[in-house]
Every structure is written in C-alpha cells, then in structure tokens.
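Coordinate inspection notes
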Amino acid sequence: MSNARNIAALSTVEVGATADQTKADLNAIGVSGGRKNLIINGGFQISQRGTYTSATAYSGSGTYLLDRWKMTVTGSGSSATLQDLGGSVKLLAGSTFTGSTRAYQKLEDKGLYKLLSNKTVTFSAWVKSNTANARIEAWINAWVGFDQTHSGSGEWEKLSATYTFGDLTGHPDGNVNFQVGIDGFNSVDCAVTSGDYVEFKEVQLELGSVATDFEHRSYGEELQLCQRYYQILDFTRSHLGVLHRATGTTAGLPYTVFSLTATMRAYPSMTTSGTWATAVDQAGTPTLYETSYSSVTLRGNNGSIVAGGSQWLRGGFCNFDAEL
Amino acid sequence: MENQTAWITSCKLQDSGYLVNGNMSVPNDPANRHYVMVQEWIAEGNTPAPEFTDAEIAANAQAVINSDSLAYLASTDWYVTRQAETGADIPQDILTARAEARASIV
C-alpha cells in the first residue's frame, strides 16, 4: 500500500470518517508516534553474551544467546544452531526430529500488562525459510492460535498476526510471550528435517491492528533496554575495581558496592568470566555478596586481609542476569 | 516437560543466596529465574551444601589468626626498633605476646 494512497485516505477522514479509521490510516503509513515496538532487540543489534556470527548450538528450553531472546529446541534427537547474520538471525535444524525450534521473548509485567489488557496488538516479523512450518506464535497463558506461516519459498515474507488481549491482571512476568520458529500450529510438534531453517528480522509487537514499519532504535537505546535484563561489569582493565576491608573489623574478605548500569528487573544472578588476577594485592574471582535492583556488593575471594586494607579487583567480567 | 534443574551440578549456601556450579551467585529473590530453579532443585530432594566445609571454616579461622597476629607484630615492631637503637628493654608482656603471635601463624 503506498503512502500516497493513505495520505489521500487521511484527507477523506478529515471530512467525516471515524477516529478508528484515522488511527488505522496513520498506522498504515507508519506515522504512529512514541515507542511503539514492545519487543526489545527485535532488530538483533544487541548480543552481550557473546558473538554468534558463526553457527552456535543450543539445546533444551532455556538458552539465552542474543539479548532478550530465549532459544528452545525440543524433540528426541533434536539439535539446532543459531547464527547472527547481522540484523537477522537464522535457526538451522542440525538433525531430523519431531518437535520444534523457536526463539521467544517473554514480556515483563511492570505495567505492561495493564497497558495491554483488553487491547488489540499486532505481532509481525520478516521471515525467510525453506519450510512451511516456519511461523510466528504467541503464548498468553495458552497458545493463542496464530496461524501465520511462511510459504517455505526461501524468500523473505512479512508475517503478521493480530490479537486482542483479555484482562492480564494477575498474570506473572513471562506469561505473555511471542515467538518465531519452526513449529506446528499451537506448538504441536511438527516434522523437522535436518537443514530446515528459519531466518527472521525486524520483529515487532505494537498496539493496533496493523503491522507498521519496524521501529529502528539506536544501538545505545536498545542496549539500555536490554541491560534491565542482562548486563556486564567489565574489570578487565587494571584499575577499575578496588575491594576494601572496613576499619574496626577483624581481618577477613574485602567487599565493595558497585552501581549497575541500569536498574534490573529482579535481583540478578551473577556469573564471572575471564581470568581474575590473584596476588597479595589482588582479590581473585569475586562472588556476589549482596544485591539490589541497582547495585551489587562484590566480595573478594583471595583470602583474608587486614582491617582497613584493600585489594584490586581486575581481570574479568561480572555478568548479571535478571532475565525472565 | 524437560527437567529445568539438570544444569545444576552443585549448590552451596552463600551469604544471601546460593553459589551454583561454583560460578553462579544466585540471590534470594523469587523473581530471579535461577532462584526458582534452585528451589525446584531442592524440592526434588536435593540439599545445598553449607557455605564452607569444616576444612574451609578451619582455614578461614586460621587466616584470621594469621592476619591478626601479623598485625599485632607489626604494631609492636617499634619496641624492637627502640631496643636496637636505644637499648631500652622490651616489656616482658610484649615479648610474651609477640612470641605467642609468631607461634600462632601457620
């Protein structure tokens, strides 16, 4: 549909059409204001956990690779890989099995469910696949019956589906999620053949009944949105962290509070990576002693130091996870 | 349904949560997905290990003794220096305490 045609329609709206028609026309030409895409990292710009430009295997039902997207592959003998192709991602079946492989994003409540209750939304994505089982899906406490599949032509096709929520009050975080993958209708297991793939990009969830153009956000904006769920404190440079042992205490392990980059959804888990320096003045691999949504207390792990003393914290990364 | 706790191979109590697989600190927060999985793991009949083993508790206690003793020796070294420079005696109680401190360091 060309913009010119819709602009012409708008002039008709001005002389007597309904407000709903006006909104639909505005949506159709992509001029809806504000932050319209409720999917985070729908353009697959952010990948804090690693680089997946080479095919990366995932298994089971709980692997986060690119930010905010949880990967799943189910079925006896199933295997699959993800590859970041720069703006799109590709899921590739590595074996033949009966089941599914999908990428899905769980929505956080925090007012969003209130926003969405009793509202109509449209979920859309550009999808390329060699199987007609490639589809977009949604789970809102149950599979919602989207039946939008790719033709299997190997060409890019835009899939979209519209859904009207009921009252989401009381739904827990993550009980609403949107998915792209190879799967049967309502996630009934389907036949997946080794070599089947689904590639997708520009994944969007927006209010209204029309799939509008994808909302592009800057890398910095998208990263900040992702950091609510996953973020990294980098101590690989030499003098970024010092842990202290308070004066007036006994000897013991040193601690320090660090501010997180963004307020996190939940108290985060922490894993460490990299090689941490261990010497008399260096604290070794830290552990998470205490946490809030916005700050963490790290504790050294290289033996007791005297009260009033301190040690450098250097060499690795602290990775904080508050994903759904 | 797939077992959501199979990835947990070890779990120890930690100051404000758990240390899972020796590398993941999991806070006490029901909104944290790893905490939920640890609770499921416990519900399956598993028990987190104490934060420190007896050997680690002993080692930690000794580390405190070592540190305190070294600090005491450092704080009384001036007696030794004074004796060397002026000939003034080191009080017997200080000598005794320094000997005990040296002996306690392992």
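This text gives an overview of the structure that appears in the document. Since this is a predicted model, take the numbers as computed values, not measurements.

Quick notes on the rules
Residues numbered from 1 in each chain as written. Chains lettered and ligands numbered in written order. Predicted model: local features only at pLDDT ≥ 70, side-chain atom pairs only at ≥ 80, totals over all residues. Heavy atoms only, no water. Helix = DSSP H or I, 4+ residues; strand = E, 2+ residues; numbered from the N terminus. Expected span 1.5 Å × (residues − 1). Buried < 20%, exposed > 50% of the residue type's maximum accessible area, 1.4 Å probe, protein only. Arc of directions from axis to C-beta. Contact = heavy atoms within 4.5 Å. Pairing = 2+ DSSP bridges. Axes fitted to C-alpha atoms, helices over the stretch in contact; angles between N-to-C directions. Buried area = accessible area lost by both parts, 1.4 Å probe. Salt bridge = Lys/Arg side-chain N within 4 Å of Asp/Glu carboxyl O. Polar contact = N/O pair within 3.5 Å; in protein donor to acceptor, adjacent residues only side chain to side chain. Nonpolar A, V, L, I, M, F, W, Y, C, P; charged D, E, K, R; others polar. Phe/Tyr/Trp six-rings, centres within 6.5 Å; stacked < 30°, edge-to-face > 60°. Left-handed = near helix turned anticlockwise from the far one by under 90°.

**With respect to helix α3 (residues 92-104) of chain B**
Residue and element names in this part refer to chain B. Over its 13 residues, α3 extends 18 Å from the first C-alpha to the last, a length consistent with the 18 Å expected when each residue adds 1.5 Å. Restricting attention to buried positions, one finds in α3 the residues I94, R98 and A101. Along the long axis of α3, the arc covered by the buried residues comes to 60°, so they all point the same way. For α3, exposure combined with an orientation more than 90 degrees from the buried face picks out Q92, D93, E100 and A103. Those residues of α3 that are buried lie in contact with α2 (54-86).

**Let's talk about the sheet that holds strand β3 (residues 24-27) of chain B**
Strand-to-strand pairing in sheets goes through backbone hydrogen bonds, with the strands running parallel or antiparallel. The strand order β14(A)-β23(A)-β17(A)-β3(B)-β2(B)-β1(B) describes an open sheet built from 6 strands, whose pairing is antiparallel. Sheet topology places β14 (230-234) of chain A together with β1 (11-14) of chain B at the edges, where each strand pairs with a single neighbour. Averaged over all pairs of adjacent strands, the angle between their axes in this sheet comes to 25°, without regard to strand direction. Inspection of the sheet shows β14(A) paired to strand β23 (residues 316-321) of chain A by 5 bridges, in the antiparallel sense. Residue pairing for β23(A): A:D234 is matched across the bridge by A:F317. Seen against the sheet, helix α1 (residues 33-43) of chain B touches β17 (269-274) and β23 of chain A together with β1, β2 (17-20) and β3 of chain B and runs at an angle of roughly 85° to β2(B).

**Examining the interface of chain A and chain B**
Frequently, the measure chosen for interface size is the accessible area that the parts lose on association. Counting residues at the interface gives 26 residues for chain A, matched by 22 residues for chain B. In this assembly, chain A packs against chain B so that about 1,800 Å² is buried in total across both faces, 42% of it on carbon and sulfur atoms. The largest per-residue losses of area from chain A upon contact with chain B belong to A:A251, A:Y267 and A:S269, which jointly make up 22% of the total buried on that side. Linking chain A with chain B are 3 salt bridges. Across the salt bridge formed by A:D321 and B:R33, the nearest N and O atoms sit 2.5 Å from each other. Applying the counting criterion to the chain A and chain B interface returns 13 residue pairs in polar contact (both at pLDDT 80 or more). Secondary structure elements with two or more residues in the side of chain A that touches chain B: β2 (60-64), β17 and β20 (287-291) of chain A. It is β20(A) that contributes the most residues to the side of chain A that touches chain B, 5 residues altogether. Here the side of chain A that touches chain B is composed, by residue class, of 12 nonpolar, 9 polar and 5 charged. When β17(A) meets β3(B), the two strands line up antiparallel, connected through 2 bridges. Bridge pairing in β3(B) links A:T271 to B:M24.

**Here's the deal with the packing of aromatic side chains**
Residues and elements named next belong to chain A. This structure, assessed with the given rule, holds 12 aromatic pairs over all chains. Note on F235 and W276: the rings are 6.1 Å apart at their centroids and 45° apart in plane angle, and the pair reads as tilted. Remark: W276 occurs in the loop between β17 and β18 (278-279) and F235 occurs in the loop between β14 and β15 (242-244); sequence separation between them is 41 residues. Like F235, the residue W276 is buried in the burial classification.

**Some points on the packing of α2(B) against α3(B)**
Residues and elements named next belong to chain B. Taken N-terminus to C-terminus, the directions of α2 and α3 make an angle of 145°; their axes are 9 Å apart at the nearest point. In terms of crossing hand, the pair formed by α2 and α3 is left-handed. Contacts between α2 and α3 involve Q62, I65, N66, S69, Y72, L73, T76, D77, Y79 and V80 from the first element and I94, A97, R98, A101, R102 and S104 from the second. In the contact of α2 with α3, the residues fall into 8 nonpolar, 5 polar and 3 charged.

**Brief notes about the sheet that holds strand β7 (residues 120-129) of chain A**
All names here are of chain A. Here 6 strands make up an open sheet; going across it, the order is β1-β4-β5-β13-β7-β10 and the pairing antiparallel. Two strands lie at the open edges of the sheet, namely β1 (56-58) and β10 (156-164), each paired on one side alone. On average, each strand axis in the sheet is inclined to that of its neighbour by 30°, with strand direction left out of account. When β7 meets strand β13 (residues 197-207), the two strands line up antiparallel, connected through 8 bridges. Each residue of the ladder has a partner; that of S124, found in β13, is Q204.

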